[in-house]
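Single-letter residue listing:
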Amino acid sequence: MTVYFTQDHEWIAVDGDVGTVGITDFAQGQLGDITFVDLPEAGRALAKGDDAAVVDSVKTAADVYSPVSGTVTEANAALADAPELVNSDPEKSGWLFRLALANGGELAGLMDRAAYDAYVAGL
């Protein structure tokens, strides 16, 4: 499984033609305590950069953008009862949604972990 990152602080873990999407640890730290997550429905088609989800926190609400184009196959149902998973484990059990990739070539425009870490260090 390969993980990619966006400048908007989303991550996507790709396994074959399926990507699991969430927000980074940096992003959840900036948001503070997550109180609610509005997730996309299965079957929704997303283009790269589309608003895909909304994460509400005690500080603000933040849009989550789709890092690549694809069709949503699943949302993380556990977040309905435990949105705090996005804070406690943002890059594992706090994932937001999965999608079937429409164009794997779009991954080439994303960052790997080292490039993302360097990007965040420069903020």
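As a reminder, the structure under discussion sits directly above these lines.
Residues numbered from 1 in each chain as written. Predicted model: local features only at pLDDT ≥ 70, side-chain atom pairs only at ≥ 80, totals over all residues. Heavy atoms only, no water.

Trainee: Break down the pattern of salt bridges for me, with residues and values.
Mentor: With the rule as written, the count across this model stands at three salt bridges. With a shortest N-O distance of 2.4 Å, E91 and R113 are connected by a salt bridge. Taken together, the residues E91 in the loop between α3 (85-88) and β9 (97-101) and R113 in helix α4 (residues 113-121) connect sequence positions 22 residues apart. Under the relative-accessibility criterion, E91 is labelled partly exposed at 22%. Residue classification places R113 among the partly exposed positions, given a relative accessible area of 38%. Overlapping salt bridges bring together E91, R113 and D117 as one network. (Salt bridge = Lys/Arg side-chain N within 4 Å of Asp/Glu carboxyl O. Helix = DSSP H or I, 4+ residues; strand = E, 2+ residues; numbered from the N terminus. Buried < 20%, exposed > 50% of the residue type's maximum accessible area, 1.4 Å probe, protein only.)

Trainee: Tell me about the sheet that holds strand β5 (residues 45-46), and name the residues and values.
Mentor: Taken together, the six strands give an open sheet; going across it, the order is β1-β2-β3-β9-β8-β5, and neighbouring strands pair in antiparallel fashion. Unpaired on one side and paired on the other, β1 (2-5) and β5 mark the two borders of the sheet. Sheet topology note: the β5/strand β8 (residues 70-75) ladder contains two bridges and is antiparallel. From the neighbouring strand, L46 faces β8, where its bridge partner is G70. (Pairing = 2+ DSSP bridges.)

Trainee: Before we move on, can you summarise the packing of aromatic side chains with the specific residues and values?
Mentor: Per the counting criterion, the structure on display carries two aromatic pairs. Look at F5 and Y116: their rings are 4.9 Å apart centre to centre, the planes differ by 15°, and that puts the pair in the stacked class. With a gap of 111 residues between them, F5 in strand β1 and Y116 in helix α4 connect regions that are remote in the sequence. Summarising the burial analysis for this pair, F5 and Y116 share the class buried. (Phe/Tyr/Trp six-rings, centres within 6.5 Å; stacked < 30°, edge-to-face > 60°.)

Trainee: Give a detailed account of the pairing of strand β7 (residues 61-65), specifying residues and quantitative values.
Mentor: Taking every second residue as pointing to the same face, the buried face of β7 carries A62 and V64, while none of A61, D63 and Y65 on the other face is buried. The pairing of strand β6 (residues 51-57) with β7 spans five bridges and is antiparallel. Directly across from V54, in β7, lies its bridge partner D63. Where β6 folds back onto β7 in an antiparallel hairpin, the turn is made up of three residues.

Trainee: Residues and numbers for unusual backbone geometry, please.
Mentor: Positive phi values are uncommon outside glycine, yet H9 reaches one of about 75°. In this fold, H9 is placed in the loop between β1 and β2 (10-15). Classification of H9 as buried rests on a relative accessible area of 12%.

Trainee: Go over the pairing of β6 with me, naming the residues and quoting the values.
Mentor: Sheet analysis places strand β4 (residues 34-38) next to β6, joined by four bridges and oriented antiparallel. Of the residues in β6, the one forming a bridge with F36 is D56.

Trainee: Tell me what's going on with the sheet that holds β4, and back it up with residues and numbers.
Mentor: Backbone hydrogen bonds are what pair the strands of a sheet, in a parallel or an antiparallel way. If you walk across this open sheet you meet the three strands as β4-β6-β7, and the pairing is antiparallel. On the outer flanks of this sheet lie β4 and β7, each paired with one strand and no other. Each strand of the sheet is rotated relative to its neighbour by a mean of 25°, with strand direction disregarded. (Axes fitted to C-alpha atoms, helices over the stretch in contact; angles between N-to-C directions.)

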